[in-house]
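So you can see what is in the structure, the chains are spelled out below.
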Amino acid sequence: MKQLAILLFFLFTGSLSYSQDLEKDLSTLGRPQQQDSLQKPPITAYKIISIMNDTTFLDTTLTIQKDYKFNYLRKDNFELLPFANVGQTYNSLSHNSKDENLLPQFGARARHYNFMEVEDIYYYEVPTPLTELFFKTVPEQGQNLDALFTVNTSERLNFMIAYKGLRSLGNYQNSLVSTGNFRFGINYRTPNGKYYVRSHFVSQDLLNRESGGLNDQALAQYLSKESEFDDRSLLEMQFENAENVLFGKRFYLNHQFYFLKAKNNQIELEHVLDFSDKKFIYRQDAASALFGDSYRASNLRDEVKLRHIDNLVKLRYQNNLLGQLAVKAGVSYYNYGYNSVVILEDQTIGNRLKGENYSFGAEYSNTFSGFEIYGDAMANLVGDFTGYYFTAGLGYNINENNALKVEINTNERKPNYNFLLNQSDYRNYNWQTDFDNQNSQNLSFKLQSKNIANITGEIARIGNYAYFAKGEDNGVKPSQSGSNVSYLKLKVKKQFDFGKFSLANTIMYQNVSEGKDVLNLPSFVTRNSFFYKDHWFQRALYLQTGFTLKYFTSYNMNGYDPVLAEFYVQNEQKLGDFPVVDFFFNAKVKQTRIFFKLEHLNELINTNNNFSAPSYPYRDFLVRFGLVWDFFL
């Protein structure tokens, strides 16, 4: 509520200040020399800037890609398989081995799909105040809202404030989701253009009630499609007394100063500060035999924290002929762990991983004769954790309709923190390991062609692959593969237009040639949308309506563990091999996009008994609608 009140305050004060400016403008309506100032700015003047300094402008068009991104994550989730309730986790249908981290990452990765990292925060430059509202219905008792307001108080200073909230009860017992993502950011440059600063603060809390999935009796009832249990709330779960929550706060500062800013030569000093706190809690009123023995029978609570402070300094030289070269150095402080030591019969498990790491690296980029080359490398030189990454790429614009990019990436670092140290009130979930560094090599390419298709592919090899698996004692434990994991991924996207009709296709092929017992992926995933598009009512309304089919082949789908909020490898049960058909009717009126969808429409013909993970049902038929509304003051 406090964050929402702050948001409303900024919306009100921003509107008030600009309403005063508008009154001044209206008072000059009778003066011809002032009329140009009242013209509406072009949409390209509303700039959106990423942390990598890639700049786009506000896009209010309606395309099939906008439909794919109209979801809780606000990203295309083609490679993800959602759970039954909105805001729960996603099972992954693919794997991405590219990594540029030098240190272990915080665990509970199943809770991180909606956790906004540094690269998920954008900065703005707008000629007039801009508000964007996202709204979408949820399965039961709740709503999903994302509101953003940004304003330039001057040509050089921009403020952004936003809040994304979700509450959804869900159709199954004990599947409530309640999440909030608050963001505030600034974007500023000095009058002489020699100093730039971009900074943000985020506060996030992502809570999921956990049920452990269907119990044995409910599983049989679900599989047999008994009509009595079309009311999903009647199906009994493993337990109804647990929840986990991921908290996070981050202050981020990126500022740059130009010592020299001439036409052909530039010397720049850049400093980046990332100050982050994360906390993950699993709590349960009474212990469940599903996870093995426990140290206490009631009021179980596992809590782990991480404080990470990263300082990075870059000295960059840029020349129109020689390109851009930067040397960089960083220091990272980490403090991960628990409040007490665990003493077992054969082992004492510490409570903390704490220290500092010092790193050094370089970057280079240049463009010549239509070719773009770039490279980025960094390594830990001093500290408890060794590691490095190297990324290099070559891009070429063949012509205005075709572009090709090839990239290599190699990385070596320790597995995530919860592989190295974990404590729990469940006996089987306590460990302290000394795993070797995981290393990966990745070769990828991307062809963007209006004439052929958009094609991406990657070949990867991973050594010392770290993963979770269920042990004989019924607990999920970390493991490390003694052999290499190798896989191939190829994805093709192409849209065919036939007058007012279109067919959009995305097809992905994957093959794990080594390590099939530790990396399980479906061989094929496809999504195909056939739709009609046209302007109605004298072009006042633009609509798209049609059907989308998504399908993936069966495979040993990863299981989900709520104590760790992690997925684990299982090789006993193949799941998948089911289609999902959605009907959509989307419309655009001015800057408002309206979305209406019948999700999993084919479930009305053949009752759903499919899964998102072992014992976790896939989402049933739903009627959902919402909108994205951009308006300007």
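Our structure's up above, just so we're on the same page.
In this report, the structure presented in the accompanying data block is examined.

Rules and cut-offs
Residues numbered from 1 in each chain as written. Predicted model: local features only at pLDDT ≥ 70, side-chain atom pairs only at ≥ 80, totals over all residues. Heavy atoms only, no water. 1 Å grid on protein atoms, 1.4 Å probe; cavity = no way out; pocket = protein on both sides within 12 Å on 5 of 7 lines; lining within 4 Å. Points joined across faces, edges and corners; volume = space filled by probe spheres on them. Helix = DSSP H or I, 4+ residues; strand = E, 2+ residues; numbered from the N terminus. Nonpolar A, V, L, I, M, F, W, Y, C, P; charged D, E, K, R; others polar. Polar contact = N/O pair within 3.5 Å; in protein donor to acceptor, adjacent residues only side chain to side chain. Contact = heavy atoms within 4.5 Å. Pairing = 2+ DSSP bridges. Axes fitted to C-alpha atoms, helices over the stretch in contact; angles between N-to-C directions.

### So, empty space enclosed by the protein
- Under the counting rule described, the total for this entry stands at 7 cavities of 30 Å³ or more.
- Approximately 510 Å³ is the volume found for the largest cavity.
- If you go around the largest cavity, you meet 28 residues; those closest to its centre are Asn77, Pro82, Asp582, Glu599 and Tyr618.
- Only helix 2 (64-68), strand 3 (80-82), strand 30 (541-552), strand 33 (578-589) and strand 34 (592-599) provide two or more residues apiece to the lining of the largest cavity.
- Tallied by class, the residues present in the lining of the largest cavity amount to 12 nonpolar, 6 polar and 10 charged.

### A look at the side chain of aspartate 146
- Structurally, the position occupied by aspartate 146 is in strand 7 (residues 142-154).
- Engagement of the side chain of aspartate 146 in a polar contact is seen with the side chain of arginine 183, the distance being 3.3 Å.
- Those residues within four positions of aspartate 146 in sequence are excluded, and the remaining contacts are Arg74, Glu132, Leu133, Phe134, Tyr163, Lys164 and Arg183.

### Some words on the side chain of asparagine 91
- If you trace the backbone, asparagine 91 turns up in strand 4 (residues 90-92).
- One polar contact links the side chain of asparagine 91 to the main-chain carbonyl oxygen of asparagine 558, over a distance of 3.0 Å.
- A polar contact of 2.9 Å, which involves the side chain of asparagine 91, links it to the backbone oxygen of serine 612.
- Setting aside residues no more than four positions away along its own chain, asparagine 91 makes contact with Glu79, Leu80, Leu81, Phe83, Met557, Asn558, Phe567, Ser612 and Ala613.

### Section: the sheet that holds strand 5 (residues 123-125)
- Read from one edge to the other, the open sheet built from 3 strands follows the order 2-1-5, with strand pairing classed as antiparallel. Either end of the sheet is taken by a strand with one partner, and the two such strands are strand 2 (55-57) and strand 5. Across the sheet, the axes of successive neighbouring strands diverge by a mean angle of 30°, strand direction being ignored.
- Where strand 1 (residues 47-49) lies against strand 2, 3 bridges are found, and the strand directions are antiparallel. From the neighbouring strand, isoleucine 48 faces strand 2, where its bridge partner is threonine 56.

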